[in-house]
Amino acid sequence: MIIDRDGNTTIIAQEKASVKTLVNNIEQAYDKYKNYHLIVRLSSLEKIKLEDILEFLRLSNNHRADKKSFVVVSDQVDLDNMPDEIVVVPTIQEAYDIIEMEDMERDLGF
């Protein structure tokens, strides 16, 4: 697990372990990340299924309930099949754009 911090955003990248292991690692160290927007980059993993993305659903829901953004980045998934409850985008730049838009929505009270 590779962790990089950019202002109020933490980027977590996974090199080799499974998605389930990554989710477990994030949940165990969640106190370190809970005050930051989270971007989880799965770009280095080749085969990602819908079930893999759904592993992040509980973590995403909890994080978003605390008024923080949670975005998964992967260009290996069919974005049309992703559930509305979790944000999945193909690039890091789009993840930053989502966070910026969600910040504006929170500021406006949406």
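Only a predicted model underlies this, so the values are computations on that prediction, with no experimental measurement involved. (Residues numbered from 1 in each chain as written. Predicted model: local features only at pLDDT ≥ 70, side-chain atom pairs only at ≥ 80, totals over all residues. Heavy atoms only, no water.)

## Remarks on the nonpolar core
Across soluble globular proteins, nonpolar side chains have a tendency to be buried as a group.
Then, in step 1: Counting 21 residues, the largest nonpolar core has Ile26, Leu42, Ile53, Phe56 and Val72 as the members making the most contacts within it.
Then, in step 2: For this core, the secondary-structure elements that each account for two or more residues are α1 (19–28), α2 (30–33), β3 (37–41) and β4 (70–73).
Then, in step 3: Among the elements that make up this core, the one with the highest residue count is α1 (four residues).
Then, in step 4: If sequence neighbours within four positions are ignored, Ile26 has contacts with Met1, Ile12, Tyr33, Val40, Phe56 and Leu59.
Then, in step 5: Judged by nonpolar contacts, the second largest core, of nine residues, contains Val89, Ala95, Ile98 and Ile99. (Core = buried A, V, L, I, M, F, W, Y, C linked by side-chain atoms within 4.5 Å. Buried < 20%, exposed > 50% of the residue type's maximum accessible area, 1.4 Å probe, protein only. Helix = DSSP H or I, 4+ residues; strand = E, 2+ residues; numbered from the N terminus. Contact = heavy atoms within 4.5 Å.)

## Focus on unusual backbone geometry
Then, in step 1: The backbone phi angle of Lys67 is positive, close to 65 degrees, even though this residue is not glycine.
Then, in step 2: The exposure class assigned to Lys67 is exposed, which follows from its relative accessible area of 57%.

## A word on the layout of surface pockets
To find leftover empty space, a probe the size of one water molecule is rolled over the atoms.
Then, in step 1: Roughly 160 Å³ of volume is contained in the largest pocket.
Then, in step 2: Considering the residues around the largest pocket, the lining is formed by Arg64, Lys67, Lys68, Glu102, Glu105, Arg106, Gly109 and Phe110.
Then, in step 3: Examining the composition of the lining of the largest pocket, we find that three residues originate from one element, helix α5 (residues 92–108), more than from any other.
Then, in step 4: Residue composition of the lining of the largest pocket, grouped by class: one nonpolar, one polar and six charged. (1 Å grid on protein atoms, 1.4 Å probe; cavity = no way out; pocket = protein on both sides within 12 Å on 5 of 7 lines; lining within 4 Å. Points joined across faces, edges and corners; volume = space filled by probe spheres on them. Nonpolar A, V, L, I, M, F, W, Y, C, P; charged D, E, K, R; others polar.)

## Section: the sheet that holds strand β2 (residues 9–13)
Then, in step 1: Read from one edge of the open sheet, five strands run β1-β2-β3-β4-β5, paired in mixed fashion. The open sheet is flanked by β1 (2–6) and β5 (87–89), the only strands paired with a single partner. Strand after strand, the sheet turns through a mean of 20 degrees between neighbouring axes, direction not considered. (Pairing = 2+ DSSP bridges. Axes fitted to C-alpha atoms, helices over the stretch in contact; angles between N-to-C directions.)

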